[in-house]
Amino acid sequence: MREGWRTFFAITEPSGGSDPAGAIQTRAERRGDKWVLNGRKVFISNAHNSKWGIVWARTSREKGRAGISCFILEPGTPGFTAKNIRTIRTASIPNDVVFEDCELPGDALIGTEGQGLDLAFDLLVKNRFPYSACNLGVAVAAHRMAIAHAKQRSTFGVPLSQRQAIQWMLADAEVELRACRWLIWEGAWKADRGEDARVEASIAKLYSSEVLGRVVDAAVQIHGGYGVSKEFPLERWYREARVRRIGEGPSEVHRMVIARALFR
Ligand SMILES: Cc1cc2nc3c(=O)[nH]c(=O)nc-3n(C[C@H](O)[C@H](O)[C@H](O)COP(=O)(O)OP(=O)(O)OC[C@H]3O[C@@H](n4cnc5c(N)ncnc54)[C@H](O)[C@@H]3O)c2cc1C
């Protein structure tokens with residue numbers, strides 16, 4: 001990865017991504033000393049141009065959640081195909097991935113059989129803090145651009161920065177950005193100390209992706225036509241921000257995780 005290699009992470013299937021324990025139908029069958037994969041995944045970012053990836057598949061139909069395992073796979077493997085899906089995101093392109101009698105060596109299994117979802121959630125929870133920090137970083141950049149633009153752009157003879165309507169948009173964004181930073185720090189500290197940070201990870205992911213959407217939207221508005229022009233990064237951030245309320249678990253699923261903890 002340090003050398004710029006990309007990797008992919010294939011959980012989501014046409015049957016759904018919010019609830020992988022129920023939705024995963026891709027099968028991995030033990031045949032002699034090999035594993036044979038059959039099934040389909042959707043929206044798999046970078047599956048077409050990665051050095052390797054991780055795939056979740058069912059190794060037992062009867063065991064439910066404990067019947068899911070994960071495997072490491074190299075894209076050149078026969079029986080593996082990845083076809084780009086066009087979305088509003090133009091970086092880290094997602095793919096429709098098909099496994100047709102795709103043979104993997106016996107040691108492609110990661111961890112033990114049936115441990116797949118525990119490994120996935122462990123990784124996803126830890127990844128939610130850097131993911132949230134990326135949301136925050138882009139939101140801060142958009143906010144700075146909006147402040148700079150408001151200072152130098154005048155309408156009706158007065159700079160935008162002197163209009164209360166604009167000041168309040170920027171003030172609200174400032175409050176949300178500061179709150180967001182603390183939420184991410186709090187969760188990351190907990191995870192660093194080895195404590196259970198599942199709820200904090202959901203709080204950070206939910207809040208940072210929603211703040212990103214609101215802050216970028218305000219920055220686009222303050223920039224007027226330039227906000228949606230390809231000359232500036234704002235329109236791209238606006239599109240990516242929309243994806244971030246769905247990818248890595250939709251907002252509703254994170255609200256569900258937080259609410260479950262409240263009623264435990
Ligand atoms: C650009 C992009 C890149 C992606 N990259 C990857 C990747 O690399 N690897 C990967 O595995 N997946 C990837 N995904 C898939 C992503 O993780 C899923 O789209 C996401 O988990 C939601 O799954 P779904 O699309 O099947 O929606 P569904 O699971 O069908 O859910 C649809 C909607 O229902 C609502 N919903 C779901 N559950 C609940 C609930 N309990 N309560 C209330 N409302 C609910 C939410 O609004 C949700 O958006 C990517 C998606 C996109 C758009």
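Residues numbered from 1 in each chain as written. Predicted model: local features only at pLDDT ≥ 70, side-chain atom pairs only at ≥ 80, totals over all residues. Heavy atoms only, no water.

Considerations on the site of the ligand
Then step 1. Near the ligand there are 19 residues, and of these Phe9, Thr12, Gly17, Ser18 and Phe43 occur at the shortest range.
Then step 2. Between an oxygen atom of the ligand and a side-chain N or O atom of serine 18, the distance comes to 2.6 Å.
Then step 3. One nitrogen or oxygen atom from the main chain of phenylalanine 43 is found 2.7 Å from a nitrogen atom belonging to the ligand.
Then step 4. For the ligand, whose unbound accessible area comes to 970 Å², protein coverage reaches 65%.
Then step 5. At the level of secondary structure, the elements contributing two or more residues to the shell around the ligand comprise β1 (7-10) and α6 (251-262).
Then step 6. The element best represented in the shell around the ligand is α6, accounting for 3 residues.
Then step 7. Class assignment for the residues of the shell around the ligand results in 11 nonpolar, 5 polar and 3 charged. (Near = heavy atom within 4 Å. Polar contact = N/O pair within 3.5 Å; in protein donor to acceptor, adjacent residues only side chain to side chain. Areas by Shrake-Rupley, 256 points an atom, 1.4 Å probe, with all protein chains shown as cover. Helix = DSSP H or I, 4+ residues; strand = E, 2+ residues; numbered from the N terminus. Nonpolar A, V, L, I, M, F, W, Y, C, P; charged D, E, K, R; others polar.)

Let's talk about the side chain of lysine 205
Then step 1. Topologically, lysine 205 is positioned in helix α4 (residues 198-223).
Then step 2. This buried residue, lysine 205, is left without a salt bridge; glutamate 248 holds the nearest opposite charge, at 7.2 Å.
Then step 3. Setting aside its immediate chain neighbours within four residues, lysine 205 contacts Arg128, Tyr131, Ser132, Asn135, Arg244, Arg245, Ile246, Gly247, Glu248, Gly249 and His254. (Buried < 20%, exposed > 50% of the residue type's maximum accessible area, 1.4 Å probe, protein only. Lys, Arg positive; Asp, Glu negative; His and termini not counted. Salt bridge = Lys/Arg side-chain N within 4 Å of Asp/Glu carboxyl O. Contact = heavy atoms within 4.5 Å.)

With respect to a nonpolar patch on the surface
Then step 1. On the surface, Trp182, Trp185 and Trp189 cluster together into a nonpolar patch covering about 400 Å² of accessible area.
Then step 2. Inspection of the secondary structure assignment puts tryptophan 182 in helix α3 (residues 164-192).
Then step 3. Owing to a relative accessible area of 54%, tryptophan 182 belongs among the exposed residues under this scheme. (Patch = residues over 30% accessible without salt bridge, like charges linked within 9 Å, V, L, I, M, F, W, Y side chains within 5 Å.)

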